[in-house]
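# Chain and residue survey
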Number of protein chains: 2
Amino acid sequence: MAGIDRSLVADVPIFAGLAPEQIDKLLQEAQSVRYPKGTNVFQQEEEAHSFFVLLHGHLRVFKLTPDGQQVVVRFVAPGELFGVAMAIGRKTYPATATAVVDSIALVWPSTAWPRLVATHPGLAVNTLQTVGRRLEDAHTRVVEMSTEEVERRIAHTLLRLAQQAGRKIEAGVQIDFPITRQDVAEMTGTTLHTVSRVLSAWESQGLVAGGRQRIMIRDPHKLLLLAEGAHD
Amino acid sequence: MAGIDRSLVADVPIFAGLAPEQIDKLLQEAQSVRYPKGTNVFQQEEEAHSFFVLLHGHLRVFKLTPDGQQVVVRFVAPGELFGVAMAIGRKTYPATATAVVDSIALVWPSTAWPRLVATHPGLAVNTLQTVGRRLEDAHTRVVEMSTEEVERRIAHTLLRLAQQAGRKIEAGVQIDFPITRQDVAEMTGTTLHTVSRVLSAWESQGLVAGGRQRIMIRDPHKLLLLAEGAHD
DNA sequence: CGGGTCGTTGAGGTCACTCAACTCCAGTGG
DNA sequence: CCACTGGAGTTGAGTGACCTCAACGACCCG
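Not measured: the values here are computed from a predicted model.

This part takes up the UniProt feature "domain: Cyclic nucleotide-binding" (unreviewed entry) in chain A. The UniProt record marks residues 14-108 of chain A with the feature "domain: Cyclic nucleotide-binding" (unreviewed entry), using the residue numbering of this structure. Taken end to end, residues 14-108 of chain A has its terminal C-alpha atoms 14 Å apart, with 9% of it in helix and 42% in strand.

This is the structure:
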């Protein structure tokens, strides 16, 4: 495996504040692995053998309930750390990660984690902040599911997706990876039918534009008003 | 302020694996503060001046929505770390913590955190695991709210409360602090009316026993069956 | 050109919320 | 000691947001 260029990870927050030589050393221990669209990077309940940084592509992380329902935990964008089960003291992955498009990730063996944090103390601090932000996201989601009706939850979810993975185009903000109504339903705790109805209504008002596995936000401002509770 | 006895925190997970002298040093920097029932330890949006370990009592941590609704994030039990906003990179507290009974906490100034983790590397690792466990809890809650109807959510919540703060008594497991139907409603994303109806039904079946701000689980096994989806 | 995934839309049903009235303590103050 | 007040809990009736069930249409890919 060829060496991995430091510039690839210059903007990866997990490495923030580390010296260039330190980053080089970390990269030397990593493998770069390709995950074709549709394949799993890791699976729920599986032993947490590795942790990862996504270099390219997008992943869908979801949990499977005992009765077979899926709940989307989040989508992973390039530059993000994921699969840190071991770091938070778990033996197995709590969810499954699937590539929604062809993706590439840096892979470290989980066994290296204790040594890496021992030699690079900044790593634990950065990871703590990353996990902390995810905790906040999860709490935000709990609050929304507890207090908002479906339409507002969908609006908030789309705005968040646009922020994390939006690509500005002349007609609006495109969500930069294939995403289905079912996905949105599994992020908001509703059904694909309800999502479809809501998006159809919004489309006829010029708020969003759809397509197969595509969502574009044409009027973020109006959508935000909806999300924040404006009735009409 | 008198010195704080090391034995008080012997079982506090956040200090696990630290040498006794290290723990002593950490304790020297802490203050022990009393919070009478009903008072706030910290408030949402307030500057994150301190972080804490609860020594005695119970706290109710909740988020306030813009329109005034409350959502209970969790209850803090003795031995737990809380208020770590600064450690996860926040300037302000994301929620409010209120003492539900007279409580005592160890208090460190947030400014000491960077120095403490630098001198005690185990601290960051332990905190990472604590925050990670909380992230899992939050995700569990999201999954439950997405896929389970109210009755099962309430059952799961009671079982979790019993595990975290249950006191075994001859007739069952008492939840060890005052908790209202409203609290349970705010943990499960429902209304106090629905919680009251469900608990009344369960009480008549001998599953639980109630009282003003009291919940006791008389038949944990049957409750678990309900939580796991047994229909009747 | 078939088969499967994805999306749309209608009709009907229902779970849980809203609104409302009432009861029962616990604590306070006269 | 008792009246008073407010927080907590119970329970009923009605409604509505959303789910379920169902059928169909559109698109992609081999």
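Read on, since the account is not over.
What follows deals with the side chain of S50 of chain B. By the secondary structure assignment, S50 of chain B is in strand β3 (residues 50-56). If near-sequence neighbours (up to four positions away) are discounted, S50 of chain B is found in contact with G83, Y93, V107, W108, P109 and S110 of chain B.

Here we take up the domain arrangement of chain A. Residue and element names in this part refer to chain A. Each assigned domain of chain A is listed with its residue range as follows: domain 1 (6-136) and domain 2 (148-227). Computed from C-alpha coordinates alone, the two centres of domain 1 and domain 2 are separated by 27 Å. Taken together, the nine residues of domain 1 in the interface contact 10 residues of domain 2. Here domain 1 packs against domain 2, burying approximately 810 Å² in sum over the two surfaces, 62% of which is carbon and sulfur. On the domain 1 side of the contact with domain 2, H58, V72 and F75 bury the most area, a combined 57% of that side's loss.

Of the residues lining the interface, 28 residues belong to chain B; the matching set on chain A comes to 28 residues. For the pair chain B and chain A, the two sides together bury roughly 2,900 Å², of which 75% comes from carbon and sulfur. Taken together, the links from chain B to chain A amount to two salt bridges. For R90 of chain A, the salt bridge is made with E136 of chain B, and the minimal N-O distance between the two is 2.4 Å. Counting across the interface, chain B meets chain A through two residue pairs in polar contact (both at pLDDT 80 or more).

This part covers the relation of the copies chain B and chain A. Both copies of the chain are related through a single rotation about an axis accompanied by a shift along the same axis. With an RMSD of 0.0 Å, chain B superimposes on chain A once it is rotated by 180° and translated 0.0 Å along the axis. Taken together, the rotation angle and the small translation identify this as a two-fold axis. Looking at chain B, 100% of its interface residues are interface residues in chain A too, so the copies touch through the same face.

Residues and elements named next belong to chain B. At a minimum axis distance of 10 Å, the contact between helix α4 (residues 150-165) and helix α5 (residues 181-188) shows a crossing angle of 110°. Regarding the angle of α4 to α5, the classification is roughly perpendicular. Of the two elements, α4 crosses α5, and the hand of that crossing is right-handed. Contact residues: α4 offers R153, I154, T157, L158 and L161, while α5 offers V184, M187 and T188. Each residue belonging to the contact of α4 with α5 can be placed in one class, and the counts come to five nonpolar, two polar and one charged.

Scoring rules and cut-offs
- Residues numbered from 1 in each chain as written.
- Chains lettered and ligands numbered in written order.
- Predicted model: local features only at pLDDT ≥ 70, side-chain atom pairs only at ≥ 80, totals over all residues.
- Heavy atoms only, no water.
- UniProt positions renumbered as here; feature names shortened; annotations may be inferred.
- Helix = DSSP H or I, 4+ residues; strand = E, 2+ residues; numbered from the N terminus.
- Contact = heavy atoms within 4.5 Å.
- Domains from an automatic or database assignment.
- Buried area = accessible area lost by both parts, 1.4 Å probe.
- Salt bridge = Lys/Arg side-chain N within 4 Å of Asp/Glu carboxyl O.
- Polar contact = N/O pair within 3.5 Å; in protein donor to acceptor, adjacent residues only side chain to side chain.
- Least-squares fit on C-alpha atoms with pLDDT ≥ 70 in both.
- Axes fitted to C-alpha atoms, helices over the stretch in contact; angles between N-to-C directions.
- Parallel < 35°, antiparallel > 145°, perpendicular 65-115°, else oblique.
- Left-handed = near helix turned anticlockwise from the far one by under 90°.
- Nonpolar A, V, L, I, M, F, W, Y, C, P; charged D, E, K, R; others polar.

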